[in-house]
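What the coordinates show
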Protein chains: 2
Amino acid sequence: MQTIHAAADAIKRKEITPTQLVEQCLTAIERWEKHVHAWVFVDADYARGEAKRLEADLARGFYRGPLHGMPIGVKDIYDVYDWPTACGSKLWANSISRQDAAVVASLREAGAIFLGKTVTTQYASFDPPVTKNPWNLAHTPGGSSSGSAAAVATGMCLAALGSQTGGSITRPASYCGIAGCKPTYGLLPLDGIMPLAHSMDHPGPMAHNATDLAILLRGMCDGWAPNDSINFVEKAAVPVSRPRFGRLRQLFDENADDTTRDMMDEIVHRFAEDGASVEEFALPAAFSDVVRRHRIVMAVEAAQYHEPRFRRHPEDYSPRISQLLKEGLDCPASEYARTKQHQQELTQAMGLSIYGDLVLLCPATTCPAPLADTTGDPAFNSPWSYTGLPTISLQTGYFVDGLPLAIQLVAGPNREDVLFSTAAWCEKRLAATPLQPPYPEK
Amino acid sequence: MQTIHAAADAIKRKEITPTQLVEQCLTAIERWEKHVHAWVFVDADYARGEAKRLEADLARGFYRGPLHGMPIGVKDIYDVYDWPTACGSKLWANSISRQDAAVVASLREAGAIFLGKTVTTQYASFDPPVTKNPWNLAHTPGGSSSGSAAAVATGMCLAALGSQTGGSITRPASYCGIAGCKPTYGLLPLDGIMPLAHSMDHPGPMAHNATDLAILLRGMCDGWAPNDSINFVEKAAVPVSRPRFGRLRQLFDENADDTTRDMMDEIVHRFAEDGASVEEFALPAAFSDVVRRHRIVMAVEAAQYHEPRFRRHPEDYSPRISQLLKEGLDCPASEYARTKQHQQELTQAMGLSIYGDLVLLCPATTCPAPLADTTGDPAFNSPWSYTGLPTISLQTGYFVDGLPLAIQLVAGPNREDVLFSTAAWCEKRLAATPLQPPYPEK
């Protein structure tokens, strides 16, 4: 399994070409896609053409940076010029985009090659998708960025774009044994991305490790980031000398299953032995209400966007998103207002209490990937979507019945610098190389 | 034929309801559409639903302003939530929009009712559309805002959205006997509108007179205009006391046909008799090159946008847009750079020479609507698209063989205030009421 970081080195040393990278991915797709169903479509002709174009750039000495020639997958809620953006909707199946989404345009400029569109749960919500978990086809890959996670895990692309409103990056990344980053709310522009809940929608990268996440995030925000002097790539390459962790309990201890809690204890122990400072982090009292309140914001804001379509085309909405929209339509404005106030106050309180280079630490999910009739529980992720704090999830090398477990790091607002250098430190203590799911036996 | 101004008065006095306005338009569609083919589609159910919703607003005392309940047409290059934006492309026929274009969202907020999408020439270029001129079905309605012009002229909607890169608002408005406004470049946001040539693309309103243009333009730029203290509606209602015209010769005298030149002479004579100051306006020498240079900018910028699609789907491009794109692809960058310099210098020179409340005056088109194998000559309009100066075209009451003739006013950059108050003055001296095309005989 190849990382972007390694592939970029090989490109620079002329040991591999963009065409070879694309062909490697197409071979993996040939092998895996029939089991995993990660793609809405793959546009091999287009990808091969882009590879040729980017090779011509290299031949005349124009190197665009570490994403030059990297084949990536794009979640099917992002607009890509001349490709449809279906978002899991039947009525949108032929909705061809006239423009790239802002972050897609930025990645294109950086030399990324888009292989195709990856499966999203319908409207980036909770209805189980066709995609299967490559570690065990009976289990969910998580949602909503289901296809992106499964495609990266199986080497069908080197990295992929996901998005998160509840736990839609962290959860599938963790269930599939890869890494995910949900940056600070507002770091990346939402233009050209289907909204689910505007105040909590986060675009973000999914890849094999923190370095690759940094390269992709940098490519997504070039030209957009409020402070583009923050070089995530450099930060990710240089581990912090002595990380400072705030361990999260309460909600997290209560909801994690036994194996996940044991994994967390072991990792904390190992990190402390390796010189990290680990303190208990006391969550604000308002935190206890966050999962319920998150649901209210998501329901009302999703209904704000979908209402006219939902009334006209109810047949184009699956059961769980329909239920969410009904909740949103029935919610009194005063309840939403109270919740927005709670969201604002909690966001402020969290921002104040995660001072300096502190990074919060918790399991990325409550348990390993459950069976495929659900997309899993976002309880450990939605608090960070709700408060906009940046997160990275990392595979740990721990497994339960062949399914991987992951940890989650959370930094203060706009502290992607601390987040990435701490993630780099952690990675050296965890699984060193990308995990590879076993090929399903006949 | 009803104006928005009159209909808005009737709504306020409760003499008419939004539902009645919608039904009037649907009746006109029933009567005219089979001859004129102005619509890509009409969404009667949606429009009726919106009318009910806006009536409920009125019933609880929420009046949104003069666009409240006004049925309008939307050129099929603007995104409207839940409707396809085909731009005349077969491949985009089912490209349903997930968001309103920025100006569409603004009009929706102002209470406008969208009746459907109006026919555009393919990609807003020059290939003749299916739409016919309601004054003579053998003739062109002009392009590219063909459907918008024909629909307003026949009362199938009260006003419509057009767009202009060459002469695509002014020309069809003039050929169809209605009024058009191309505002200053940059006044209105282009988000959610198909690009043709980014540095010359202008959204703009098409309606029966200057007052209606002002109401619509105001509705399009609320929340967007750099200086929203400019109240176009008030300006349009108050004619300037003594207008100052700069009469345009050269290009305009040379290219106008005899009847159009005679019409212009008569009108200038009449305006002077009524107290207007009319001076000859000496165009900068660089102006003589503007039509050729405009074509270069349009070709290169259109190719910049369309190139990847044009290479992949050449079958989705009609002959004239194909020719334009080939020109753009073949144009050396140095030639485009020279032209952009020319565009910048001419724009600066024009801005300096149209000082104070001066308004330039010329025919809106070289001749009345030609036969339908062309969309007509944009030579009198493209200079203002090229330099970004705001224009209004007005029907005059002059006809040639049953086809209407129009004049064009051009103001200094961002001088929509002067433009509208001068247009109001002119209108009192020209046809006082909307012109009505005779119904085609069997």
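Residues numbered from 1 in each chain as written. Chains lettered and ligands numbered in written order. Predicted model: local features only at pLDDT ≥ 70, side-chain atom pairs only at ≥ 80, totals over all residues. Heavy atoms only, no water.

1. Observations concerning the nonpolar core
- Core analysis: the biggest nonpolar cluster contains 136 residues, and Tyr78, Phe114, Phe271, Met350, Leu394, Ile407 and Leu409 of chain A have the highest contact counts within it.
- Two domains each donate at least three residues to this core, and these are domain 1 (4–239) and domain 2 (286–350) of chain A.
- The next biggest cluster of nonpolar side chains, apart from the first, holds 135 residues, and it includes Trp32, Ala159, Met263 and Val268 of chain B. (Core = buried A, V, L, I, M, F, W, Y, C linked by side-chain atoms within 4.5 Å. Buried < 20%, exposed > 50% of the residue type's maximum accessible area, 1.4 Å probe, protein only. Domains from an automatic or database assignment.)

2. Let's talk about the packing of aromatic side chains
- One pass over the full model with this rule turns up 32 aromatic pairs over all chains.
- With centroids separated by 5.5 Å and ring planes inclined at 90°, the aromatic side chains of Trp92 of chain B and Tyr123 of chain B adopt a geometry described as edge-to-face. Pair noted here: Trp92 of chain B is in the loop between strand S2 (71–75) and helix H4 (102–109) and Tyr123 of chain B is in the loop between strand S3 (113–118) and helix H5 (146–153), with a separation of 31 residues, a long-range link. Here the two residues Trp92 of chain B and Tyr123 of chain B agree in accessibility, since each one is buried.
- Between Tyr123 of chain B and Tyr317 of chain B, the ring centres sit 4.7 Å apart and the planes meet at 25°, which makes this aromatic pair stacked. Of this pair, Tyr123 of chain B sits in the loop between S3 and H5 while Tyr317 of chain B sits in the loop between helix H11 (290–312) and helix H12 (319–330), and the two are 194 residues apart along the sequence.
- Three or more aromatic residues joined by ring pairs make a cluster, and in this case those are Trp92, Tyr123, Phe310 and Tyr317 of chain A. (Phe/Tyr/Trp six-rings, centres within 6.5 Å; stacked < 30°, edge-to-face > 60°. Helix = DSSP H or I, 4+ residues; strand = E, 2+ residues; numbered from the N terminus.)

3. As for the sheet that holds strand S1 (residues 39–42) of chain B
All names here are of chain B.
- The strand order across the open sheet built from 11 strands is S1-S3-S2-S4-S6-S5-S10-S11-S9-S7-S8, with neighbouring strands paired in mixed fashion. At either margin of the open sheet sits one strand with a lone partner, and together these are S1 and strand S8 (277–281). Direction aside, neighbouring strands of the sheet carry axes that sit 30° apart on average.
- One ladder, built from 4 bridges, connects strand S9 (residues 358–363) with strand S11 (residues 403–410); its direction is antiparallel. Paired with Leu360 across the strands is Val410, a residue of S11. (Pairing = 2+ DSSP bridges. Axes fitted to C-alpha atoms, helices over the stretch in contact; angles between N-to-C directions.)

4. Some points on the domain arrangement of chain A
All names here are of chain A.
- Under the domain assignment, chain A is made up of domain 1 (4–239) and domain 2 (286–350).
- Summarising the inter-unit geometry, the C-alpha centres of domain 1 and domain 2 are found 27 Å apart.
- Facing the 19 residues of domain 1 at the interface are 21 residues of domain 2.
- Across the domain 1/domain 2 interface, buried area totals approximately 1,700 Å², and carbon plus sulfur atoms make up 59% of it.
- Looking at the side of domain 1 facing domain 2, the largest losses of area belong to Tyr123, Phe126 and Leu196, adding up to 29% of the total buried there. (Contact = heavy atoms within 4.5 Å. Buried area = accessible area lost by both parts, 1.4 Å probe.)

5. Considerations on the relation of the copies chain B and chain A
- Superposing chain B onto chain A takes a rotation of 180° plus a shift of 0.0 Å along the axis, which leaves an RMSD of 0.0 Å. Considering both components of the superposition, the chain copies are consistent with a two-fold axis. Of the C-alpha atoms belonging to chain B, the one lying closest to the rotation axis is found on Ser95 of chain B, 1.8 Å away. (Least-squares fit on C-alpha atoms with pLDDT ≥ 70 in both.)

6. With respect to the pairing of strand S5 (residues 179–182) of chain B
Residue and element names in this part refer to chain B.
- Here S5 shows no split at all, with Ala179 and Cys181 on one side and Gly180 and Lys182 on the other all buried.
- Of the strand pairs in this sheet, S5 and strand S6 (residues 202–207) are connected by 2 bridges, and their pairing is antiparallel. Bridged to Gly180 within S6 is Met206.
- Where S5 meets strand S10 (residues 391–400), 3 bridges bridge the pair, whose relative direction is antiparallel. Its bridge partner being in S10, Gly180 is matched across the sheet by Ser393.

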